[in-house]
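Inside the fold
What follows is the residue order along each chain.
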Amino acid sequence: MFRYIMKRIMYMFITLFVVISVTFFLIRLLPGTPFNEQKLNAEQIARLEAEYGLDDPVPVQYVRYLTGVFQGKLGTSFKQANQKVEDIIKIRIAPSAMLGAQSLVFGATVGLILGIIAALKRNTIWDYLCTVLSVLGVSVPAFVIAALLQLYLATKLEFLPITWGVPLGSDFRYVWTILPSLALSVFTISTVARFTRTELVEVLNADYIVTAKAKGLSKATVILKHALRNALIPVITVLGPLAAGLLTGSLVVEKVFAVPGMGDLLVNAINTNDLFIISGVAIVYSAFYISVILIVDVLYGIIDPRIRLAGGN
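Residues numbered from 1 in each chain as written. Predicted model: local features only at pLDDT ≥ 70, side-chain atom pairs only at ≥ 80, totals over all residues. Heavy atoms only, no water.

1. Regarding the side chain of Ser 286
Mapped onto the elements of the fold, Ser 286 is located in helix α12 (residues 275-303). Beyond its immediate sequence surroundings of up to four residues, Ser 286 is in contact with Leu 16 and Val 19. (Helix = DSSP H or I, 4+ residues; strand = E, 2+ residues; numbered from the N terminus. Contact = heavy atoms within 4.5 Å.)

2. Notes on the packing of helix α4 (residues 85-120) against helix α5 (residues 125-139)
At their nearest, the axes of α4 and α5 sit 7 Å apart, and the two run at 140 degrees to each other. As judged from the angle between their axes, α4 and α5 are oblique. Seen along the crossing, α4 lies across α5 with a hand that is left-handed. Contacts between α4 and α5 involve Leu 114, Ile 117 and Ala 118 from the first element and Trp 126, Asp 127 and Cys 130 from the second. Its residues assigned to classes, the contact of α4 with α5 comprises 5 nonpolar, no polar and 1 charged. (Axes fitted to C-alpha atoms, helices over the stretch in contact; angles between N-to-C directions. Parallel < 35°, antiparallel > 145°, perpendicular 65-115°, else oblique. Left-handed = near helix turned anticlockwise from the far one by under 90°. Nonpolar A, V, L, I, M, F, W, Y, C, P; charged D, E, K, R; others polar.)

3. Quick notes on a nonpolar patch on the surface
A surface patch of nonpolar side chains, amounting to about 920 Å² of accessible area, comprises Met 10, Tyr 11, Ile 14, Phe 17, Val 18, Val 22, Leu 26, Leu 29 and Phe 70. If you tally residues by element for the nonpolar patch, the top one is helix α1 (residues 2-27), at 7 residues. Examined against the element boundaries, Val 22 turns out to sit in helix α1. (Patch = residues over 30% accessible without salt bridge, like charges linked within 9 Å, V, L, I, M, F, W, Y side chains within 5 Å. Areas by Shrake-Rupley, 256 points an atom, 1.4 Å probe, with all protein chains shown as cover. Salt bridge = Lys/Arg side-chain N within 4 Å of Asp/Glu carboxyl O.)

4. Points about unusual backbone geometry
Here Asn 123, not a glycine, exhibits a phi torsion of approximately 65 degrees, which is positive. Mapping Asn 123 onto the fold places it in the loop between α4 and α5. Classification of Asn 123 as exposed rests on a relative accessible area of 54%. At Ala 258, a position not held by glycine, the phi torsion is positive, near 55 degrees. Mapped onto the elements of the fold, Ala 258 is located in the loop between α10 (251-256) and α11 (262-272). (Buried < 20%, exposed > 50% of the residue type's maximum accessible area, 1.4 Å probe, protein only.)

5. Considering the pattern of salt bridges
Two side chains carrying opposite charge are able to pair once their charged atoms lie near each other. Counted by the stated rule, this structure contains 5 salt bridges. With a closest N to O distance of 3.7 Å, Arg 47 and Glu 43 form a salt bridge. Pair noted here: Arg 47 and Glu 43 are both in helix α2 (residues 42-51), with a separation of 4 residues, about one helical turn. The network of salt bridges with common partners includes Arg 92, Lys 255 and Asp 264.

6. Some details on α11
Listed in full, the buried residues belonging to α11 are Met 262, Gly 263, Asp 264, Leu 265, Leu 266 and Ala 269. Immediately downstream of α11, the backbone of Asn 273 shows phi near 55 degrees, a positive value.

7. Some remarks on the nonpolar core
Side chains that are nonpolar tend, in soluble globular proteins, to be buried together. Leu 179, Ala 183, Leu 239 and Phe 257 are the most contacted members of the largest nonpolar core, which has 29 residues in total. Elements supplying a minimum of two residues to this core: α4, α6 (142-156), α7 (178-204), α9 (219-247) and α12. Residues in contact with Leu 179, not counting those within four places in the same chain, are Leu 149, Leu 153, Ala 154, Leu 160, Pro 161 and Phe 257. Ranked by size, the runner-up nonpolar core spans 27 residues in total, among them Phe 24, Phe 35, Ile 45 and Leu 275. (Core = buried A, V, L, I, M, F, W, Y, C linked by side-chain atoms within 4.5 Å.)

8. Observations concerning the side chain of Thr 196
Within the element layout of this structure, Thr 196 appears in helix α7. Among the residues examined, Thr 196 registers a relative accessible area of 1% and is labelled buried. A polar contact is formed between the side chain of Thr 196 and the backbone oxygen of Val 192, at a distance of 2.6 Å. Those residues in contact with Thr 196, other than ones at most four positions away along the chain, are Gly 111, Leu 112, Gly 115, Ile 116, Leu 228 and Val 235. (Polar contact = N/O pair within 3.5 Å; in protein donor to acceptor, adjacent residues only side chain to side chain.)

The analysis is restricted to geometry; functional conclusions fall outside its scope.
Shown next as structure tokens:
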């Protein structure tokens, strides 16, 4: 297992290197320049490009940028008063991570509960109800759910603040994170519930479950210790990409609730051709996604000992 993890870590760095390189060259193909304001003349634009090193040949820029990335330096923003990109991301990643963590924990917990209920109450009204809710949660876009939550819970009932940073007279500091977290968690709830229900139904019909019941084990022990543990591998597989997406921010939901997170930062950077911020956000997204995939692979071995015995293959 150790050898397998080391190999995956090596693949992580190779993948990240490829992502950094491809992102760098693709961004250079974007139309326009960071200095396309009408007030700037050609001489001023040339001076700014020289200041930021954009007048150098692309290979020179690439080597300089790659060297900076390996040193933890992601460049300087063209639009935000010459601030370092890594400092901007440190500030913006906190709201996105907070929303993502809340959404992931809540969504995974509720999804597991709904999936277990649907599997245990198969072909009953509870099963059908959970299935319908899961299909609706996957089908309805997150921004529609966000708008509905704003309309009913914030505007009509005035129960929660409508946007980020509006406390609505409450002493709870983070009360404005509830609505965006709920909007983001709906897809997670639906996805986890569907996978849990499908896998648990299949596992409950397996021979070793019948044997466990025949030994006189309690229903709770059979479900939690034997059935659910084996049904979790596909669920963890789908939770990996979901976690990466949630913890690094959702573009649309953050815009709806005016959340100053990574999604809002990326959209603004694209609109203003802030090249280094676009590259920095892409690197953070990729690094986080690759790390989550590695964690998922390690969790396979923890949940299913057969994977460890097989050397991680």
